Amino acid sequence: MEKTPQTRRESQDGPYNEAATPPGSSRRSNEPANPSRRRFLKKAALATAGTALLAGGYASLWEPNHLEITRFTLSLPRLPTAFDGIRVVHFSDVHLGFHMDEQDLRDLADRIAGLEPDLLCFTGDIVDDYAISMKAAVPVMASMHATLGKFAILGNHDYRGLPAGVQELYPKTGFTLLRNEHVVVERSGQRVAMVGLEDNIMGKPNPRRAIHGLPAEMCKLLLMHEPDYADVAARMSFDLQLSGHTHGGQVRLPVIGAAMPPPGGRKYIQGLFHVGADRMPLYVSRGVGMTKLPIRVLCRPELSVITLKSGQ
């Protein structure tokens, strides 16, 4: 049986003598320990520790490894009929480096292959630290396939150690890296523009330069890392914005939601929004990886599949 440790009480006048307590004093004499109370406290401590361990395991082991595939359909009035029904697979924020590695990306590539994308769009933060973390993953990125092309932009983390490091690796991946520029995609004689902007925190986005030379009436799909930039994009001629950056909050609390969303992602944190007078669709991915802490709470990693329909 566990022994109850003996305690020695002292006052400012020296050791307290229990025997010297005068009759009627409010101080109680030593009493035998209550076994039932002690058992209750032990069970409460074990329950608290167990809950903490379960919560920690869920946040660091279960949730980050259970990718959610979000599927939905969007109608774009200016989308050409030749593009009606195409699948856009969107992922973001891989954060290779501290918490994500080549194997994580290989698992993601397998999931993407099963979705058979027409357009594959990556909205930034391929690395968490420096470009060196991307080198081993280049062949995995190169293995990804989409019938109409795969496109990427830089996120704020991709500028660490100069963006040239990440930028120089992209040609080997087969992804077209868009930095304030566009690429026209053609299908059955009809065309759509894929537009990508520089990061709004570390770079200098220039949407007018990015769409220069495009007909005003052409359908334009925008890739922009920070979702709050949608307030600017909605005033221009973009038909859809895809973003990441927020990780959906990464750690979400009941009722409160995302406790500490990052700059550039404090208004539009996750999911589908319609922004501005023309209600431009904006989709904000919860991302794949993690940054700062290797945990996710009530915010599973996400791969989204958007089926585009032409007309209203």
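In this report, we go over the structure that sits alongside the text. (Residues numbered from 1 in each chain as written. Predicted model: local features only at pLDDT ≥ 70, side-chain atom pairs only at ≥ 80, totals over all residues. Heavy atoms only, no water.)

1. Digging into the packing of aromatic side chains
Applied cut-off: Pairing of aromatic side chains requires ring centres within 6.5 Å, counting the rings of Phe and Tyr and the six-membered ring of Trp. Pairs whose planes differ by under 30 degrees are stacked, by over 60 edge-to-face, and all others tilted. Helical segments are the DSSP runs of H or I of at least four residues, strand segments are the runs of E of at least two, and each set is numbered from the N terminus. When a residue's accessible area, from a 1.4 Å probe over protein chains only, is under 20% of the maximum for its type it is buried; when over 50% it is exposed; and in between it is partly exposed.
In the structure shown here, the tally under the stated rule is four aromatic pairs. Taking the centre distance of 4.8 Å and the plane angle of 35° together, the rings of F91 and F122 count as tilted. Residue F91 is found in strand β4 (residues 87-91), and its partner F122 is found in strand β5 (residues 119-122); the two are separated by 31 residues along the sequence. Its relative accessible area of 1% is what places F91 among the buried residues. Look at Y268 and F273: their rings are 5.0 Å apart centre to centre, the planes differ by 65°, and that puts the pair in the edge-to-face class. Note on Y268: relative accessible area 8%, which makes it buried.

2. Quick word on the sheet that holds β5
Formally: Any two strands with at least two DSSP bridges between them are considered paired.
Within the open sheet, the six strands sit side by side as β3-β16-β4-β5-β6-β7. Their pairing is mixed. At either end of the open sheet lies a strand with only one pairing partner, and these are β3 (68-76) and β7 (176-177). Where β4 meets β5, four bridges bridge the pair, whose relative direction is parallel. Counterpart to F91 in the pairing with β5 is F122.

3. Some details on a nonpolar patch on the surface
Under the convention used in this document: A patch consists of residues whose relative accessible area exceeds 30% and which take part in no salt bridge; residues with like charges are grouped when within 9 Å of each other, and nonpolar side chains (Val, Leu, Ile, Met, Phe, Trp, Tyr) when within 5 Å. Computed with a 1.4 Å probe, the accessible areas rest on the Shrake-Rupley method; for each residue, only the protein chains presented here act as cover. Criterion for a salt bridge: a side-chain nitrogen of Lys or Arg within 4 Å of a carboxyl oxygen of Asp or Glu.
A cluster of nonpolar side chains, L253, V255 and I256, forms an exposed patch at the surface whose accessible area comes to about 350 Å². Position of V255 relative to the elements: it lies in the loop between β12 (252-253) and β13 (257-258). Its relative accessible area of 91% is what places V255 among the exposed residues.

4. Quick word on the sheet that holds strand β8 (residues 181-187)
Operational definition: The axes are straight lines fitted to the C-alpha atoms, using for helices just the contacting stretch, and the angles between their N-to-C directions are given from 0 to 180°.
Pairing is mixed across the open sheet formed by six strands, whose spatial order is β8-β9-β10-β11-β15-β14. Lying at the two open borders of the sheet, with one neighbouring strand each, are β8 and β14 (271-275). Taking each pair of neighbouring strands and ignoring which way they run, the sheet shows an average axis angle of 20°. By the bridge criterion, seven bridges tie β8 to strand β9 (residues 190-196) in an arrangement that is antiparallel. Paired with V183 across the two strands is M194, which belongs to β9.

5. Things to note about the environment of Y130
Defined as follows: Contacts between residues were defined by any pair of non-hydrogen atoms, one from each residue, lying within 4.5 Å.
With respect to the helices, strands and loops of the structure, Y130 is situated in the loop between β5 and α3 (132-135). It is 9.8 Å that separates the C-alpha atoms of Y130 and H95, two residues lying 35 residues apart in sequence. Beyond its immediate sequence surroundings of up to four residues, Y130 is in contact with R160 and G161.

6. Regarding the pattern of salt bridges
Per the stated rule, a full pass over the model turns up seven salt bridges. Between R87 and E116 there is a salt bridge, with its nearest N and O atoms 3.9 Å apart. Here R87, found in strand β4, pairs with E116, found in the loop between α2 (102-115) and β5; they are 29 residues apart in sequence, far enough to count as distant. Take R87: its relative accessible area is 29%, and that puts it in the partly exposed class. Notably, a salt bridge pairs E102 with R106, separated by 2.6 Å at the nearest N-O pair. Taken together, the positions of E102 and R106, both in helix α2 and four residues apart, correspond to about one turn of that helix. Given the relative accessible area of 30%, E102 is considered partly exposed. By relative accessible area, R106 is classed as partly exposed at 32%.

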